[in-house]
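# Geometric and topological summary
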Amino acid sequence: MNKKILSGKNIVPTFFFGAVILGLIFFVIFSFLSNNRELQRETLGEIGAKEADPAVWGQYYPLHYQTYMQNFENTEKPSHFETKPYMEKIYAGTGYAAEFNEPRGHVYTLEDILAVDSARKKTGAACNTCKSSQIPEIIERYGDEYYQMGFNEINDQLEHPIACLDCHDPKTMELRISRPALVEAFARQGKDINKSTRQEMRSLVCAQCHVTYYFEKDTKKVTFPWDNGVKADEILEYFDGKGFTEWNHPDTGTGLAKARHAEYETFVGSTHETAGLACADCHMPYVKIGNTKVSSHYWTSPLKNIEESCMTCHREGSEWLTERVEDIQKKTKEIQDIAGNVVVKAIEEIKAARESSGVDAQLLQEAQEMHRKGQWYLDYVMVTNGYGFHNPTESMNNLGKAIDYAHQAIQLAKDAVR
Ligand code: HEC
Ligand code: HEC
Ligand code: HEC
Ligand code: HEC
């Protein structure tokens, strides 16, 4: 009994003493590490404010650079046409009908942009905007003139693909927005992007490029069509309001808008986004290299490292989860194929109506309007990476609208020749 009381009394000072020793050990390790970092900075100097070369940053952050170099493993870029043959018909009249490959690793941007069909480079310098860490500096140098310049005038100056400077402030390493289009899109909605939280920034750095955009007609400036909101119907409303058409379909005469990889817009409002996730949570999970944990800078399918990317929250097992993803993607693709084929049918019907004599011009015009809508909703889902995963319900919803509008176009085109 006495003994017990005694040991109970002794436990407190022993515990206290232990904690002090532990604290001291941590302090020594911490100061060693931060001194070491200081030393490293002293011998290497600061990273230059305009340093676009990832290899230079790699001397300061070798582990991050190691994961960045893994992007070279992401080499596949199959043609979209292999799995979506209807694309060629839908994009007739644009360079996308000549050639359209799926994306691959961030480090390949400069190689890939040179490989695209020349019909797609007519826009000029602006095509380079999301392809190199040197672009922010170039835009600063030329101002809005940049967008008016020729493709090669800018491309010839580029040496580095997407790299550290695109997303980081070299002085503080904080995340930064380097592309004006995103800052301006926020400002037009009355939002100051600099007030974003850290978690928001973990998506916004991606939203500099993984968004839908258009080239403003007079200035050729890269512009995000978000003034009414970031959803497919709000963006179409924006284009309709401006009377904007990117091209006229040669078979139907329809003035069309072109959707582009709307990963960010699709993600907004999804289950995961409303649960507080950011792109980086799945695409840049913490990985262990030796004894250090770093955010992976290998941007690829999260299913390749599902343990780090998903299983931190999902406890159901990686096989089960992979199956869920595949099920969503397969079903989205099935409905997308239906929508793709119906839009092609609408194009054929409108073409036939235009070629027949005594056609009702009013009904034909209405058919074209339905074609514009149907193709927009299809395109919006079709070119957004992830095959519906980022927002399954919304993707299905948009494809449903595509099918309905395309059917209305078919009916109107038929009625126009009666
Ligand atoms: C496409 C954007 C992007 C690019 C390009 C990029 N990073 Fe990062 N980086 C991030 C994000 C997002 C985080 C996570 C930041 C956070 O959680 O606050 C991060 C975190 C970091 C961190 C902080 C520690 C950690 O592991 O979270 C370092 C250091 C870093 N990156 C270095 C680099 C280096 C070096 C390069 C170039 C070789 C690079 N980054 C390129 C987006 C990027
Ligand atoms: C400066 C523009 C830019 C930024 C910023 C950017 N990306 Fe990319 N991303 C691209 C381009 C362009 C490609 C296609 C490269 C190619 O095919 O040559 C791409 C490709 C990818 C791929 C590979 C796609 C595939 O099919 O293999 C993933 C995944 C990806 N990005 C995710 C992200 C994430 C996550 C972020 C934010 C942390 C981000 N990206 C930031 C422009 C960017
Ligand atoms: C909840 C996890 C999660 C979040 C958050 C997330 N993604 Fe994804 N992403 C995925 C999955 C899963 C795929 C499908 C991969 C596959 O098909 O192999 C994917 C696919 C992609 C691809 C195509 C990659 C490929 O290899 O086909 C890109 C690009 C991409 N996401 C970008 C983004 C961007 C940008 C954001 C933020 C706006 C984002 N993702 C948010 C899980 C996520
Ligand atoms: C930070 C936590 C977190 C991470 C990381 C995460 N999820 Fe989720 N996920 C959730 C939450 C929360 C829900 C909604 C509630 C639920 O179903 O548990 C959800 C729902 C889902 C659903 C149900 C379908 C849907 O969209 O509504 C699927 C499928 C899914 N996640 C797959 C993934 C995959 C694949 C990854 C990795 C690429 C991933 N999740 C990463 C938290 C996460």
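Attention here is on the structure that accompanies the text. Note that the structure is predicted; figures quoted are calculated from it, not measured.

### Things to note about the site of ligand 2
Neighbouring ligand 2 are 21 residues, the closest being His106, Asp112, Cys206, Cys209 and His210. For ligand 2, an oxygen atom lies 3.0 Å from a polar atom in the backbone of Pro103. Interatomic distance of 2.7 Å between a backbone N/O atom of Arg104 and an oxygen atom of ligand 2. Secondary structure elements with two or more residues in the shell around ligand 2: helix H6 (109–115) and helix H10 (198–207). In terms of residue class, the shell around ligand 2 is built from nine nonpolar, eight polar and four charged.

### Some details on the environment of Lys77
Mapped onto the elements, Lys77 comes out in the loop between helix H3 (62–69) and helix H4 (80–83). Assessed through its relative accessible area of 28%, Lys77 is described here as partly exposed. Each C-alpha atom, one on Lys77 and one on Phe100, is 9.6 Å from the other, the two residues being 23 residues apart in sequence. Not counting residues within four places of it along the chain, the set of residues in contact with Lys77 comprises Asn101, Glu102, Arg104, Asp112 and Ala115. Only 3.2 Å separates the side chain of Lys77 from the side chain of Asp112, close enough to count as a polar contact.

### Thoughts on the coordination of the iron atom of ligand 4
On the protein side, the iron atom of ligand 4 has His272 (NE2) and His314 (NE2) as donor atoms, found 2.0 Å from it. In this structure, the iron atom of ligand 4 is surrounded by six donor atoms whose angles at the metal cover 87 to 180°, and the resulting shape is octahedral. In this pair, His272 sits in helix H13 (residues 271–274) while His314 sits in the loop between helix H15 (306–309) and helix H16 (318–355), placing the two residues 42 residues apart along the sequence.

### Digging into unusual backbone geometry
A positive phi is found at Met173, a non-glycine position, where the angle reads about 65°. Take Met173: it is sitting in the loop between helix H8 (151–155) and helix H9 (180–188). Judged by its relative accessible area of 22%, Met173 falls in the partly exposed class. In this model, Lys220 sits at a positive phi of 65°, which is unusual for a non-glycine residue. Considering the arrangement of structural elements, one finds Lys220 in the loop between strand S1 (214–215) and strand S2 (222–223). Residue class for Lys220 comes out partly exposed when judged on its relative accessible area of 29%.

### Focus on the packing of helix H11 (residues 232–242) against helix H17 (residues 361–382)
At their nearest, the axes of H11 and H17 sit 11 Å apart, and the two run at 135° to each other. What the angle tells us is that H11 and H17 run oblique. Crossing handedness for the pair H11 and H17: right-handed. Every residue of H17 that contacts H11 at Ala232, Asp233, Ile235, Leu236, Phe239 and Asp240 is listed here: Arg372, Lys373, Trp376, Tyr377 and Tyr380. Classifying every residue of the contact of H11 with H17 by side-chain character gives seven nonpolar, no polar and four charged.

### Examining the nonpolar core
One finds Tyr91, Leu182, Leu204, Phe224, Trp226 and Trp376 to be the most contacted residues of the largest nonpolar core, which totals 76 residues. Beyond its immediate chain neighbours, meaning those up to four positions away, Phe224 contacts Ala181, Leu182, Ala185, Arg188, Ala207, Gln208, Val211, Thr212 and Tyr213. With seven residues, the next largest nonpolar core counts Ile47, Ala52, Cys164 and Leu165 among its residues.

### A closer look at the packing of aromatic side chains
Counted by the stated rule, this structure contains 18 aromatic pairs. Between Tyr213 and Phe215, the ring centres sit 5.5 Å apart and the planes meet at 70°, which makes this aromatic pair edge-to-face. With relative accessibility at 18%, the residue Tyr213 sits in the buried group. Exposure remark for Phe215: the relative accessible area of 15% places this residue in the buried category. Ring centres of Tyr214 and Phe244 lie 4.8 Å apart, and the angle between their planes is 65°; on these two criteria the pair is classed as edge-to-face.

### A short note on the site of ligand 3
Around ligand 3, the structure places 18 residues, and the nearest of them are Cys279, Cys282, His283, Ser301 and His390. At a separation of 2.8 Å, a nitrogen atom of ligand 3 approaches a polar side-chain atom of His390. Elements with a contribution of two residues or more to the shell around ligand 3: helix H12 (263–267) and helix H14 (279–283). Here the shell around ligand 3 is composed, by residue class, of nine nonpolar, eight polar and one charged.

### Focus: the side chain of Asn71
Among the structural elements, Asn71 can be located in the loop between H3 and H4. On the accessibility criterion, Asn71 (0% relative accessible area) is buried. A distance of 2.7 Å separates a polar side-chain atom of Asn71 from the backbone oxygen of Tyr68. Apart from the residues within four sequence positions on either side, Asn71 is in contact with Gly105, His106, Val107, Tyr108, His297, Tyr298 and Trp299.

### Structural notes on the pairing of strand S5 (residues 286–289)
The alternating pattern of S5 places Val287 and Ile289 on a buried face and Tyr286 and Lys288 on a face that is not buried. The pairing of S5 with strand S6 (residues 292–295) spans four bridges and is classified as antiparallel. Paired with Ile289 across the two strands is Thr292, which belongs to S6. Hairpin geometry of S5 and S6 is characterised by an intervening segment of two residues between the two adjacent antiparallel strands and by a positive phi of about 60° at Gly290.

### Focus on the side chain of His168
Relative to the helices and strands, His168 is located in the loop between H8 and H9. Look at His168 and you get buried, because its relative accessible area is 16%. Among the polar contacts made by the side chain of His168, one reaches the main-chain carbonyl oxygen of Met173 at a distance of 3.0 Å. When sequence neighbours within four positions are dropped, the list of residues in contact with His168 reads Trp57, Met173, Glu174, Leu175, Arg176 and His297.

### A word on H11
In an α-helix, one full turn covers 3.6 residues, which means residues spaced three or four apart are oriented alike. Buried within H11 are the following residues: Ala232, Ile235, Leu236, Tyr238 and Phe239. For H11, the buried positions fall inside an angular range of 150° around the axis, keeping them on one side. Of the residues flanking the end of H11, it is Gly243, one or two places downstream, whose phi is positive at about 60°.

About the thresholds
- Residues numbered from 1 in each chain as written.
- Chains lettered and ligands numbered in written order.
- Predicted model: local features only at pLDDT ≥ 70, side-chain atom pairs only at ≥ 80, totals over all residues.
- Heavy atoms only, no water.
- Near = heavy atom within 4 Å.
- Polar contact = N/O pair within 3.5 Å; in protein donor to acceptor, adjacent residues only side chain to side chain.
- Helix = DSSP H or I, 4+ residues; strand = E, 2+ residues; numbered from the N terminus.
- Nonpolar A, V, L, I, M, F, W, Y, C, P; charged D, E, K, R; others polar.
- Buried < 20%, exposed > 50% of the residue type's maximum accessible area, 1.4 Å probe, protein only.
- Contact = heavy atoms within 4.5 Å.
- Donors = N, O, S within 2.8 Å, 3.2 Å for Na, K, Ca; no water.
- Tetrahedral: all angles 85-135°; square planar, octahedral: opposite > 155°, others 65-115°.
- Axes fitted to C-alpha atoms, helices over the stretch in contact; angles between N-to-C directions.
- Parallel < 35°, antiparallel > 145°, perpendicular 65-115°, else oblique.
- Left-handed = near helix turned anticlockwise from the far one by under 90°.
- Core = buried A, V, L, I, M, F, W, Y, C linked by side-chain atoms within 4.5 Å.
- Phe/Tyr/Trp six-rings, centres within 6.5 Å; stacked < 30°, edge-to-face > 60°.
- Pairing = 2+ DSSP bridges.
- Arc of directions from axis to C-beta.

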